[in-house]
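# Coordinate analysis (summary)
For reference, the chains in residue letters:
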Amino acid sequence: MEDTLRVALVGNPNSGKSSLFNALTGSQQKVGNYPGVTVERRAGRFEVPHGRLVKIVDLPGTYSLTPHSPDEVVTHDVLMGTSTLEHLLDVVVCVIDATNLRPHVRFALELKRLGLPIIIALNMMDLAARDGIELDPARLSEELGMPVIPTIAVRRTGIQELIDSFSTEAWSVLWKTFSVLPVTTGPGPSVRDLQKEARRIAAAVTVHEGVEHVLTRRMDAVVLNPFIGPLFLLSVLFLMFQAVFAWAEAPMAWIDSGIMALQRLSLEFLPAGLLQSLVVDGLLAGVGSVVIFLPQILILFAFILVLEASGYMARAAFLMDRIMTMAGLNGRAFIPLLSSFACAIPGIMAARTIDHPRDRLTTIMVAPLMTCAARLPVYTLIIAAFIPNTIVFAGVRLQGLVMFGLYIVGIVSALIVAGVLKKTLTKGAPPRLLMELPKYQVPRLRDLILGLLERARLFIRRAGTIILFSMIVLWGLASFPAPPPDATEPDIFYSAAGQIGRALEVVFAPIGFNWEISVALVPGMAAREVAVGALGTVYSLSGSEDAVASSLATVLQSAWSLPTALAFLAWYVFAPQCLSTLAVARRETNSWGWTAFMFGYLFALAYIAAGATYWTTKALM
Amino acid sequence: MTSSQLITLDLLPHGLSARISKIGKGANAVENSEPDLEELLLGLGFEEGASVEIRHQGPLGGPLAVRVDGRLIALRPADAAAVLVKTAPSHPEPVLDA
């Protein structure tokens, strides 16, 4: 055997596989995608004493070797050695949950036919002890004919033993004791036979049965109660949103002032001209518009990770399933859609937890209808300028009511669009909800931090590169060609962006948009909130963002009619204007067709909504 | 002696424990639906002889949370109908004095 050992980690979902992977590899891991499929690939490496290198891949969790979802197909093919996505394996580490032996043992028995050496990591020994379960690992090893190493991945217990078993010396001893069966082709033993055998082994290995985890049972009595449960879920969500918007405020302000300081420095030290403009308005503004959302997204992800690791996420899906089914969605679509209120990008990424492909697609398609944080600056500007802040009733002000209404319109349209899609394009058998509600666990800081770093990196890479790139392109469009010396209009009027915008006016005039709006929509493609800055540029305002926003409100009051302003608001409820969302949708659906469909239907809805708003308001005035 | 009753899992009263006697196709079995319900249920531990008990139901007639041996599994009532269970007599028959 050469000096590199290729290892795959397999097991049922919720067996603690990921914690074991983290414990084995630490920060030496890479998370990416398998090409062509939207299945996450987690790979890492570690060194065994005396210099052997172990390359380990954490295969997607599966309950059996019969694949049901794209994730399980990857696991199946890699284990069978028919996949071109991974190298052939030298050994398989099968993670078994000590608190729930029987189904896990059945899976281990199923692996026997692979003809590969298999090591069992008998994980969660601490939880087993907590529940009073007593097992005989030696007997398990004897019955399975595989080496068994008891582990507690979250406390790194048994990890060294597992690593040591890969060393050259241990290796030869180990596989003298245990023989590897030859590959079995053709149909294996039936599921029922495997189950019978697993039942026998589990009974033989269990010294003491233990009692049901009392805490999980007591917590579920509250959390899954049909009346208290939804209230509890609501308070969790309230806390989450409070955190996303309130806690992120300070770090967002620091990032903002940091970027502005850098812009001031560049203005001071770079010679005025193209380079200065590129750095200040292109690069720095581009980086800034991405990084500014990072605090919100990290807080959101931290909540999602904690909810997932604690075992609550599956329960939220359980509680929401009935309501989500009414809209043709699945309980699991709830969290992705919720995340989309901060930003559609993490929402679309979170849709991966939906195992049914058509449901996942529907969820991705409607995610941009949830009012994301980037729309807020646009809403705030227009509402402040055009909606009187009168009290409607009992202290409720009209401005707040309009803002609330815009959120509701987004949600209702998402539900309608999802319902229509499910009846037409994503039609199919009603998807099933079949999932395990895992035991409650205290999330581990280590897993949380690793998960957070990984998602931050993904966000910056996916959203960052595309936003930065498009900001620079849009900067180019807005800067060239330069205005003639006798210019009477603002510079942007003469630029390529201005010309495109004015050409677009033909399209947008029927829904009440003037050329200024049409021009601002072009740079607004980078990110929705950029439209505010772009309007500032069009109306030749300068100064800090806040100053632009407040003086812009005054300018708009005289420049726009009320129907135009309201049409603009309606446009932004639906507008497909976010290149990064489209880029992520393209990645996650792996289809240009669906991405084009998303853009098309959002554009059509935005156009119709803005037009209807414009003409109705006009008729009423 | 009370004979134990054979009913579908969705009709099992909450909190009453029973044993699985058969996994069928389900009430709303869909022809050619890719993942076979029976297979999925077997994978999650719904096997003949396993003890089951309905623990919770989601609001508005939502899914059931069923304890199957050591696991808590969420599934919709329509799919639970595919599982035939045998209830143990809930109260032991009063033994008449001999």
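It should be noted that the structure appears before, not after, this text.
Residues numbered from 1 in each chain as written. Chains lettered and ligands numbered in written order. Predicted model: local features only at pLDDT ≥ 70, side-chain atom pairs only at ≥ 80, totals over all residues. Heavy atoms only, no water.

Attention shifts here to the overall build of chain A. The helix and strand inventory of chain A stands at 27 helices and 12 strands. Here the C-alpha radius of gyration of chain A, 28 Å, is about what a compact globule of 621 residues would show, namely 25 Å. In chain A, which comprises 621 residues, the proportion classed as buried is 53%. In chain A, the share of contacts with a sequence separation of at least 24, taken over all contacts with a separation of at least 6, comes to 73%. Averaged over its 48 positive side-chain charges, chain A has a centre that lies 6 Å from the centre of its 46 negative ones. (Helix = DSSP H or I, 4+ residues; strand = E, 2+ residues; numbered from the N terminus. Rg over C-alpha atoms; globule rule 2.2 N^0.38 Å. Buried < 20%, exposed > 50% of the residue type's maximum accessible area, 1.4 Å probe, protein only. Contact = heavy atoms within 4.5 Å. Lys, Arg positive; Asp, Glu negative; His and termini not counted. Charge placed at Lys NZ, Arg CZ, Asp CG, Glu CD.)

Now for a nonpolar patch on the surface. Residue and element names in this part refer to chain A. Together, Phe404, Ile408, Val412, Ile416 and Val420 make up an exposed nonpolar region whose accessible area comes to about 450 Å². Secondary-structure assignment places Phe404 in helix α19 (residues 398–423). Since its relative accessible area comes to 53%, Phe404 is described here as exposed. (Patch = residues over 30% accessible without salt bridge, like charges linked within 9 Å, V, L, I, M, F, W, Y side chains within 5 Å. Areas by Shrake-Rupley, 256 points an atom, 1.4 Å probe, with all protein chains shown as cover. Salt bridge = Lys/Arg side-chain N within 4 Å of Asp/Glu carboxyl O.)

With that settled, consider helix α14 (residues 312–326) of chain A. Residues and elements named next belong to chain A. In a regular helix each residue adds 1.5 Å, so 15 residues correspond to 21 Å; α14 covers 22 Å between its end C-alpha atoms and thus fits that length. Its axis deflected by about 55 degrees at Met320, α14 carries its strongest bend there. With 11 of its 15 residues buried, α14 lies for the most part within the structure. When α14 is considered as a whole, its buried residues turn out to be Tyr312, Met313, Ala314, Arg315, Ala316, Ala317, Phe318, Leu319, Met320, Asp321 and Met324. (Expected span 1.5 Å × (residues − 1). Bend = angle between axes of the 7 residues up to and from the residue.)

Here we come to the sheet that holds strand β2 (residues 17–23) of chain B. Pairing in this open sheet of 7 strands is antiparallel, and the strands run β12(A)-β5(B)-β4(B)-β3(B)-β2(B)-β6(B)-β1(B) from one edge to the other. The outermost strands of the open sheet, each flanked by one partner alone, are β12 (434–436) of chain A together with β1 (6–8) of chain B. The sheet shows a mean angle of 40 degrees between the axes of neighbouring strands, taken without regard to direction. Bridging between strand β4 (residues 64–68) of chain B and strand β5 (residues 71–75) of chain B involves 5 bridges; their strand directions are antiparallel. Residue pairing across strands places Ala65(B) opposite Ala74(B), the latter belonging to β5(B). (Pairing = 2+ DSSP bridges. Axes fitted to C-alpha atoms, helices over the stretch in contact; angles between N-to-C directions.)

Okay, the interface of chain A and chain B next. Accessible area lost upon the coming together of the parts is a frequently used measure of interface size. Listed per partner, the contact involves 39 residues of chain A and 39 residues of chain B. Taking both sides of the interface into account, the surface hidden between chain A and chain B amounts to around 3,500 Å²; carbon and sulfur atoms contribute 52%. Sorting the residues of chain A by area buried against chain B places Phe318(A), Arg432(A) and Leu434(A) first, and these three jointly supply 20% of that buried surface. Counting every contact that joins chain A to chain B gives 6 salt bridges. The partner of Arg199(A) in a salt bridge is Glu47(B), and the shortest N-O contact between them spans 3.2 Å. Remark: the boundary between chain A and chain B carries 12 residue pairs in polar contact (both at pLDDT 80 or more). Put simply, the parts of the chain that give the side of chain A that touches chain B at least two residues each are α3 (101–111), α8 (191–205), α9 (214–223), α14 and β12 of chain A. Of the residues forming the side of chain A that touches chain B, the biggest block, 8 residues, is contributed by α14(A). Residues belonging to the side of chain A that touches chain B are distributed by class as follows: 18 nonpolar, 8 polar and 13 charged. (Buried area = accessible area lost by both parts, 1.4 Å probe. Polar contact = N/O pair within 3.5 Å; in protein donor to acceptor, adjacent residues only side chain to side chain. Nonpolar A, V, L, I, M, F, W, Y, C, P; charged D, E, K, R; others polar.)

On to the pattern of salt bridges, then. All names here are of chain A. Counted according to the given criterion, the structure contains 20 salt bridges over all chains. When the shortest N-O distance is used, the salt bridge between Asp131 and Arg130 registers 3.5 Å. For Arg130, a relative accessible area of 42% gives the class partly exposed. The residue Arg200 makes a salt bridge to Glu143 at a minimum N-O spacing of 2.9 Å. One end of the pair, Arg200, is in helix α8; the other, Glu143, is in helix α5 (residues 137–144), and 57 residues separate them in sequence. We classify Arg200 as partly exposed; its relative accessible area is 42%. A residue is classified by how much of its surface remains accessible, and Glu143, at 18% relative accessible area, is buried. One salt-bridge network, held together by shared partners, links Lys17, Arg42, Asp58 and Glu454.

What follows is about unusual backbone geometry. Located in the positive-phi region is Asn590(A), a residue other than glycine, with phi close to 55 degrees. Relative to the helices and strands, Asn590(A) resides in the loop between α26 (579–589) and α27 (592–620). Even without glycine at this site, Leu60(B) takes up a positive phi of about 60 degrees.

All we've got here are geometric facts, nothing functional implied.
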